[in-house]
Amino acid sequence: MQFKELVTEKLKNQFSDSIVEVTDFRDDLSVLIKKEKIVEVAKFLKDDGDLQFAMCKDITAIDWATRKKRFTIVYQIFSLRNNFNLRIKANLDEEPWQIESVTSVWPGANWYERETYDMYGVIFSNHPDLRRMYMPEGFQYHPLRKDFPVLGIPGSLPLPKVIK
Amino acid sequence: MEQRPNVYTDDKLYKRLLADKDITIDDALENEMVINMGPQHPATHGVLRLVLRLDGETVLSVVPELGYLHRGYEKMAEDMSYIEYIPHTDRLDYTATLCNNVAYVLAVEKLLGIEAPKRAQYIRMMAAELSRIAAHMVAIGTYAMDVGAVTMVMWTFREREKIQEIFDKLAGARFTTSYTRIGGVGADADSEVLKMVKDFLDQFHSSLDEMDKLLLGNRIFIERLEGIGVISKEDAVALGLTGPNLRSAGVEYDIRRAKPYLFYNEIDFKIPTYAEGDCLARYFIRGDEVRESVKILYQVLDKMPQGEVMANNPKHVLPHKTEIYSKMEELIHDFMIINYGINPPVGDVYFSAENPKGELGFYIVSNGTGQPWKMKIRSPSFCNLQALSKICKGAMISDVIAIIGSLDPVMGEADK
Amino acid sequence: MGLEAKLNKDGFVTTTLDAIIAWARKSSVWPMPMGISCCAIEMISAADPKYDLARFGSEVMRFTPRQCDLMIVAGTVTYKMAQVVRRIYDQMPEPKWVIAMGACTSSGGMYRSYNVVQGIDQFLPVDVYTAGCPPRPENLINAVMTIQQKISKTKARDFQDIPLLNLETAKN
Ligand code: SF4
């Protein structure tokens, strides 16, 4: 059996009701799950003896702007043992945009979640240190949201004072 | 001759110090100190800022602060076509511009489902390996400079300069090359370029050995690095380290081997690994990788096939300029691509390539129009920096500099 | 220097002295390499054995602002970094000059985005703009030479009323 099928099958057996969709586009397997189950799924994927997705490579969000489920959180995880990249997605359906943090499973997720919070304003609950990553503290907006203009909002970021 | 009073043994002085009500012994011994390092610091490789809590000289904790070079790459990507974005990839990891170019176009090609001709792939491979050498030259040079061997930076930049001359010939720019195109490369590598590469490689070995001799015969260099900044295999994986930093901790993971892209599967090369995971291993591994790159380059030069350098795919690949000026159909295609974009199918792909710093990944979400709906860059330096606070805990303050140098972050891509 | 403050009128001695001081100043410009991003690598290239900025007396790159009289701002200046750049500039003693190296520092360059300052002249007095993305090392050397020309035209008394270091601004 191919590893791809093994992953899907194992996930479907374990979490039959919380796997929403499995897609395979250009050889990238991605699994859409319910957002409540994210930590459980993550734990399972990491600890299962055959799968061992030990590395979290990236976390980000997609802002769909007009859809009702506005944000999708995307996790890129990797199994060193099986040399396999898997993508997990979870839709956020209502405000406040919030999802459980996976730092307890993958410590490396810490900064990725901070970055996503900074850029999208998605709150990761139980995150040990949820601060902005790039933008200065006190900045009010979340730049990667689709309603934020590329050129920024004039006056939202101060220039240094020039003392004569 | 009059004896100078000694603070520790001179009774009078000692008593006077003790009598000073403003300083207590407890103060001096127990107080922790918070210091700020960067963002303008010669050893932080750009604009990284660290806030350190010290007990004496021991580092208790480190908080890295990023964002001083946050240029909004991902936001800008949503606002421009796929082709327009190629020059922006140069400036991600600006020490290895061509590696980024290659990784980006491969990601877009994966999304489109097209492939560049074989010669173009080989040229890309050559360019990426040259770029890797150039990046490691900067890494080794600045690393050695940070720990005190200032000569090295001059020597490595001398070698890098030769590579940049090759780029100048190949891509038309020394530094910001923007050389690859979707479906191929910007210009063919003519025989002159290939000869330049060959000449460079032929003399490179001796200068590499020379550099090694300078550093490894130097006890100060070895002792400053050996056993410093150790990271274990498990931690390295858990924190998501990639590239040389991961391999120096004993994990043999190299995307060129694990998921071969271009034609790395036709090339014979080793993946150097070290088990120690300390700063010295991270120095060695870069030297070894450069040697492997030289080996790869020789093979690439040998195997380079003849043929086209741009794929024949009028809907996605820009036609050549001379054809645009002489043929109607090409003119129309050019107009369509430039005005409406290359319109990849709806979907999302993640593609990653092995960059000098680690795994550079592009996650592109397309909604079928000429501009990406979302582009996420998984930058290796960002992830590698995350290990900094773990490694630095308990180290001496002077080791922090060595550790940053050994992790070799480039802030351009860490901050995006 | 103290002496120049006393020389308020042009005369043979003053002009000769001016020339000597200007010559000395221009031949030993110490740059403060404010290397922020990509341009910084080309700035190092300008100091490397091939281009050798030392030929113009400017190879002494000092990373502490107190020892420098020329600031080379090399790289994209974001709003967060702008505070730092200005602060470092304020800590440099007078007289001081600024080179804006590259398209980013001159005008924001290719980054029309929310976090990039569209030209450092919004908060710094710039003396020389250098075109290019990045400027080739020759171009940076050209910029340094332009600064030298500018310095050679200065008179010693131009600087006499300016305090060496304004502690108030340096502290801000
Ligand atoms: S001008 Fe170009 S090379 Fe220089 S910092 Fe800006 S983007 Fe980088």
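Here the structure is a predicted model, which means the values were calculated and not measured. (Residues numbered from 1 in each chain as written. Chains lettered and ligands numbered in written order. Predicted model: local features only at pLDDT ≥ 70, side-chain atom pairs only at ≥ 80, totals over all residues. Heavy atoms only, no water.)

Student: Would you mind going over the overall build of chain C with me for this structure?
Tutor: Helix and strand content of chain C: six helices and four strands. When the helices and strands of chain C are listed from N to C terminus, the series reads α-β-α-β-α-β-α-β-α-α. Evaluated residue by residue, chain C yields a buried proportion of 54% over its 172 residues. For chain C, contacts bridging at least 24 residues in sequence account for 78% of all contacts bridging at least 6. (Helix = DSSP H or I, 4+ residues; strand = E, 2+ residues; numbered from the N terminus. Buried < 20%, exposed > 50% of the residue type's maximum accessible area, 1.4 Å probe, protein only. Contact = heavy atoms within 4.5 Å.)

Student: Just checking my understanding: could you explain the overall build of chain A for this structure?
Tutor: The number of helices and strands found in chain A is three helices and seven strands. Beginning at the N terminus, the succession of helices and strands in chain A can be written as α-β-β-α-β-β-β-β-α-β. With respect to the principal axes defined by its C-alpha atoms, chain A has extents near 75 × 30 × 30 Å. Looking at the 164 residues of chain A, the share that counts as buried comes to 55%. If you take every contact in chain A between residues at least 6 apart in sequence, the share linking residues at least 24 apart comes to 50%. Accessible surface, chain A: about 7,400 Å² in total, of which carbon and sulfur atoms supply 47%. (Areas by Shrake-Rupley, 256 points an atom, 1.4 Å probe, with all protein chains shown as cover.)

Student: Looking at this model, I keep getting lost on the environment of Phe351(B). Mind explaining?
Tutor: Residue and element names in this part refer to chain B. Tracing the chain through its elements places Phe351 in strand E6 (residues 347-355). For Phe351, a relative accessible area of 12% gives the class buried. Between the C-alpha atom of Phe351 and that of Val47, which follows or precedes it by 304 residues, the distance is 28 Å. Excluding residues that lie within four positions of it along the chain, Phe351 makes contacts with Ala103, Leu106, Ala107, Lys110, Tyr261, Leu360, Gly361 and Phe362.

Student: In this structure, what is going on with the nonpolar core? I would like to understand it.
Tutor: In summary, soluble globular proteins display a tendency toward joint burial of nonpolar side chains. The biggest cluster of nonpolar side chains holds 204 residues, and the ones touching the most others in it are Leu86(A), Leu66(B), Met126(B), Phe362(B) and Met71(C). Broken down by element, this core gets its largest block of residues, 15 residues, from helix H6 (residues 118-146) of chain B. When near neighbours in sequence (up to four residues on either side) are disregarded, Met126(B) contacts Ala189(B), Val193(B), Leu194(B), Val197(B), Leu297(B), Val300(B), Leu301(B) and Met304(B). Of all hydrophobic cores here, the second largest spans 23 residues; its members include Cys39(C), Ala40(C), Ala47(C) and Met61(C). (Core = buried A, V, L, I, M, F, W, Y, C linked by side-chain atoms within 4.5 Å.)

Student: Looking at this structure, how should I read the confidence of the model for chain A?
Tutor: Atom-level detail of predicted coordinates should not be read off regions where pLDDT is low. Here chain A shows a mean pLDDT of 84. Residues at 70 or above account for 98%. When mean pLDDT is taken per element in chain A, strand E4 (residues 71-79) of chain A scores highest with 89 and helix H1 (residues 3-14) of chain A scores lowest with 82. (pLDDT = per-residue confidence, 0-100.)

Student: I keep staring at the site of the ligand and nothing clicks. Help me out?
Tutor: Taken together, 13 residues lie near the ligand, and Cys38(C), Cys39(C), Ala103(C), Cys104(C) and Cys133(C) sit nearest. With respect to the ligand, its neighbouring residues span chains B and C. Those elements that place two or more of their residues in the shell around the ligand are helix H2 (38-47) and helix H4 (102-107) of chain C. Among the residues forming the shell around the ligand, the class breakdown is seven nonpolar, five polar and one charged. (Near = heavy atom within 4 Å. Nonpolar A, V, L, I, M, F, W, Y, C, P; charged D, E, K, R; others polar.)

Student: When you look at the sheet that holds strand E2 (residues 49-55) of chain B in this model, what are you seeing that I'm missing?
Tutor: Across a sheet, paired strands are connected by hydrogen bonds in the backbone, their directions being either parallel or antiparallel. Residues and elements named next belong to chain B. Read across the open sheet, the three strands follow the order E1-E2-E3; overall the sheet is antiparallel. Each having just a single partner strand, strand E1 (33-37) and strand E3 (58-65) make up the two edges of the open sheet. Adjacent strand axes in the sheet meet at a mean angle of 20 degrees when their direction is disregarded. As paired strands, E1 and E2 are joined by five bridges and run antiparallel to one another. Paired with Ile35 across the strands is Leu52, a residue of E2. Helix H18 (residues 397-407) contacts E1, E2 and E3 of the sheet and is inclined by roughly 150 degrees relative to E2. (Pairing = 2+ DSSP bridges. Axes fitted to C-alpha atoms, helices over the stretch in contact; angles between N-to-C directions.)

Student: Looking at this structure, how should I read the side chain of Asp254(B)?
Tutor: All names here are of chain B. Here Asp254 shows up in the loop between helix H11 (244-247) and helix H12 (255-258). Polar contacts involving the side chain of Asp254 include one to the main-chain amide nitrogen of Arg256, which spans 2.8 Å. The contacts of Asp254, once residues within four sequence positions are left out, are Arg247, Ile271 and Glu354. (Polar contact = N/O pair within 3.5 Å; in protein donor to acceptor, adjacent residues only side chain to side chain.)

Student: Could you clarify how one ought to interpret the interface of chain C and chain A in this entry?
Tutor: How big an interface is tends to be stated in terms of the accessible area lost upon association of its parts. Of the residues lining the interface, 14 residues belong to chain C; the matching set on chain A comes to 16 residues. Across the chain C/chain A interface, buried area totals approximately 1,400 Å², and carbon plus sulfur atoms make up 67% of it. Interface area lost by chain C to chain A is led by Tyr79(C), Lys80(C) and Tyr114(C), which between them contribute 41%. Taken together, the links from chain C to chain A amount to zero salt bridges. At the junction of chain C and chain A, the tally comes to three residue pairs in polar contact (both at pLDDT 80 or more). Of all the elements, helix H3 (residues 79-91) of chain C adds the most residues to the side of chain C that touches chain A, at five residues. (Buried area = accessible area lost by both parts, 1.4 Å probe. Salt bridge = Lys/Arg side-chain N within 4 Å of Asp/Glu carboxyl O.)

Student: Sorry, what's going on with helix H15 (residues 328-340) of chain B here?
Tutor: An α-helical turn contains 3.6 residues, so a residue and the one three or four places further along point in the same direction. Residue and element names in this part refer to chain B. The end-to-end C-alpha distance of H15 is 18 Å, a good match for the 18 Å that 13 residues give at a rise of 1.5 Å each. Turning to H15, its buried residues are His333, Asp334 and Ile337. In an axial view of H15, the angular spread of the buried residues amounts to 100 degrees, which keeps them on one side of the axis. Counted as exposed and oriented over 90 degrees from the buried face of H15: Met328 and Tyr340. Among the residues trailing H15, Gly341 stands out with phi positive, at a value near 85 degrees. (Expected span 1.5 Å × (residues − 1). Arc of directions from axis to C-beta.)

Student: I would appreciate a short explanation of the packing of helix H5 (residues 97-112) of chain B against H6(B) in the present structure.
Tutor: Between two packed helices, the angle of one axis relative to the other and the distance separating the axes together describe the packing. Residue and element names in this part refer to chain B. One way to put it is that H5 packs onto H6 with a least axis distance of 7 Å and a crossing angle of 140 degrees. Seen from above, H5 lies across H6 with left-handed handedness. Of the residues in H6, those touching H5 at Thr97, Leu98, Cys99, Val102, Val105, Leu106 and Glu109 are Gln121, Arg124, Ala127, Ala128, Ser131 and Arg132. Taken together, the residues that form the contact of H5 with H6 break down as seven nonpolar, three polar and three charged. (Left-handed = near helix turned anticlockwise from the far one by under 90°.)

Student: I would appreciate a short explanation of the interface of chain A and chain B in the present structure.
Tutor: Contacts between the two partners involve 44 residues from chain A and, on the opposite side, 45 residues from chain B. If you sort the residues of chain A by the area they bury against chain B, Arg26(A), Trp111(A) and Tyr134(A) come out on top, with a joint share of 20%. Summed over the shared surface of chain A and chain B, the result is eight salt bridges. At the boundary of chain A and chain B, one finds 27 residue pairs in polar contact (both at pLDDT 80 or more). When residues of the side of chain A that touches chain B are traced back to their parent elements, those giving at least two are strand E3 (55-63), E4, strand E5 (84-92) and helix H3 (109-120) of chain A. With nine residues, the top contributor of residues to the side of chain A that touches chain B is E3(A).

Student: Whenever I open this one, the packing of aromatic side chains confuses me. Can you help?
Tutor: One pair of aromatic rings is described through two measures. These are the centre distance and the angle between the planes. Evaluation of the coordinates by the stated rule reveals 26 aromatic pairs over all chains. Measuring from centroid to centroid gives 5.6 Å for Tyr122(B) and Phe263(B), while their planes differ by 20 degrees, and the two rings are stacked. In this pair, Tyr122(B) sits in helix H6 while Phe263(B) sits in the loop between H12 and helix H13 (279-303), placing the two residues 141 residues apart along the sequence. Just as Tyr122(B) is buried, Phe263(B) falls in that class too. Judged by centre distance (5.4 Å) and plane angle (70 degrees), the ring pair of Tyr261(B) and Tyr264(B) falls under edge-to-face. Across the pair, exposure class does not vary: Tyr261(B) and Tyr264(B) are buried alike. Joined through ring pairs, the aromatic side chains of Trp111(A), Tyr112(A), Tyr134(A) and Phe382(B) make up one cluster. (Phe/Tyr/Trp six-rings, centres within 6.5 Å; stacked < 30°, edge-to-face > 60°.)

Student: Can you help me understand the confidence of the model for chain C in this one?
Tutor: All names here are of chain C. Across chain C, pLDDT averages 80, with 85% of residues at or above 70. Mean pLDDT in chain C bottoms out at helix H6 (residues 167-171), which sits at 59, and peaks at strand E4 (residues 128-130), which reaches 89. Complex prediction metrics read pTM 0.88 and ipTM 0.91.

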